[in-house]
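For reference, the chains in residue letters:
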Amino acid sequence: MSTFKQYSVLPGFNLALGFTLLYLSLIVLIPLSATFIQTAELSWPEFWATVTAPRVVASYRLTFGASFAAALLNAIFGLLVAWVLVRYQFPGKRFVDALIDLPFALPTAVAGITLTAIYAGNGWIGQYLEPLGVKIAYTPLGVFVALTFIGLPFVVRTVQPVLEDIEQELEEAAAMLGATRLQTFQRIIFPTIFPALTTGFALAFARAIGEYGSVIFIAGNMPMISEITPLLIITKLEQYDYTGATAIAVVMLVISFALLLIINLLQWWNRRRNSLA
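Structural notes, computed from the coordinates. Each chain carries its own residue numbering, running from 1 in the written order of its sequence. Given that this is a predicted model, residues contribute local features only at a pLDDT of at least 70 and side-chain atom pairs are listed and counted only at 80 or more, while totals for whole chains, interfaces and linings are drawn from all residues. Hydrogens and water molecules were not included; the side-chain quantities draw on all heavy atoms of the structure.

Focus: the pattern of salt bridges
Inference 1: The rule for a salt bridge is simple: a side-chain nitrogen of Lys or Arg has to be within 4 Å of a carboxyl oxygen of Asp or Glu. Applying the stated criterion across every chain, the model contains five salt bridges.
Inference 2: Among the salt bridges present, the one from Asp101 reaches Arg157, with a minimum N-O distance of 2.8 Å. Placement of Asp101 in the loop between helix H4 (93-99) and helix H5 (102-105) and of Arg157 in helix H8 (residues 140-165) is noted, with a sequence separation of 56 residues between them.
Inference 3: Relative accessibility thresholds used throughout: buried, under 20% of the residue-type maximum; exposed, over 50%; partly exposed, between the two (1.4 Å probe, protein chains only). Here Asp101 falls in the partly exposed class, since its relative accessible area comes to 29%.
Inference 4: Here Arg157 falls in the partly exposed class, since its relative accessible area comes to 23%. Going along the chain from the N terminus, every DSSP run of H or I of four or more residues is numbered as a helix, and every run of E of two or more is numbered as a strand.

Next up, the structure:
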């Protein structure tokens, strides 16, 4: 009996694992550890007073609330955009498809300045909205608009390949068996794209939490009203309050990790349920 030895173009497991751990340590683990070490210089009462100050809590509320709302909106409309790009042919489709990636390539500061110019009181759109009582620029609503803008590509590019791989024969078979369009979507399409949709939501949510450049121009940065947490961290660094900045950063890290863990557990539970079905 002839033996077959499997070769790989990449290094062996031990060497590849060593490079992986070294890279992750230099890029992720050591910087995060430094944040916790710097924060440890504070006593517990000092830490608690820093991270629960009214101004800080207001920034948490705006940052996480606007990030969650923007990611949720992107999950809904990102699915619709991906569906149109996959299932329909129309003039300018390639241009629209390329336009989805614009927030990836556009510098965040340029995006913030552009959104401010559009939605300010004298902007192209803002001049028509403010007389109706809808003010976007320099309000929390402006933060939501900016976070929605930068998060859309994550959902579209995550869901789009999954939609392309769905066999339309399954939908045709469901239709022949008498299923309505809603039933076909609920029982065939949605269970297939749900893991990708939650992944896109998580990516958009994570990006929005740490977003800075595209928000500070349109937010107005008013304490207790439209001040995001990343800006508050930058402010403390400029004031040489390094322990205060790292304390707030640690809280953001813990909350973000907990939310992403919940989303990953939801994905695992959905995959396990589908495998048992």
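Focus: the packing of aromatic side chains
Inference 1: Centre distance within 6.5 Å is the pairing criterion for rings of Phe, Tyr and Trp, where only the six-membered ring of Trp is used; planes under 30 degrees apart are then read as stacked, over 60 as edge-to-face, and the remainder as tilted. One pass over the full model with this rule turns up nine aromatic pairs.
Inference 2: With centroids separated by 6.1 Å and ring planes inclined at 0°, the aromatic side chains of Phe201 and Phe205 adopt a geometry described as stacked. Taken together, the positions of Phe201 and Phe205, both in helix H10 (residues 181-209) and four residues apart, correspond to about one turn of that helix. The pair Phe201 / Phe205 is uniform in exposure class, with both members buried.

Description of the side chain of Thr229
Inference 1: Inspection of the secondary structure puts Thr229 in helix H12 (residues 229-238).
Inference 2: A distance of 3.1 Å separates the side chain of Thr229 from the backbone oxygen of Ser59, its partner in a polar contact.
Inference 3: Whether two residues are in contact is decided by their heavy atoms: any pair within 4.5 Å suffices. Apart from the residues within four sequence positions on either side, Thr229 is in contact with Ser59, Tyr60, Thr63, Ile248 and Met252. Pairing of N or O atoms within 3.5 Å defines a polar contact, subject to two protein rules: one partner must be a possible hydrogen donor and the other a possible acceptor, and residues neighboring in sequence count only if both atoms are side-chain atoms.

Comments concerning the packing of helix H3 (residues 54-87) against H10
Inference 1: Across the interface, H3 lies against H10 with an axial gap of 9 Å and an inter-helix angle of 140°. Classified by the interaxial angle, the pair formed by H3 and H10 is oblique. Crossing hand, H3 versus H10: right-handed. Of the residues in H10, those touching H3 at Thr63, Phe64, Ser67, Phe68, Ala71, Leu72, Ala75, Leu79 and Trp83 are Phe185, Ile189, Ile193, Leu197, Phe201, Ala204, Phe205, Ala208 and Ile209. Whenever a helix is involved, its axis is fitted only over the stretch in contact; in every case the axis is a line through C-alpha atoms, and angles between N-to-C directions fall within 0 to 180 degrees. Oblique is the label for every angle not falling under 35 degrees (roughly parallel), over 145 degrees (roughly antiparallel), or within 65 to 115 degrees (roughly perpendicular). For a crossing to be left-handed, the near helix must be turned anticlockwise from the far one by less than a right angle; the clockwise case is right-handed.

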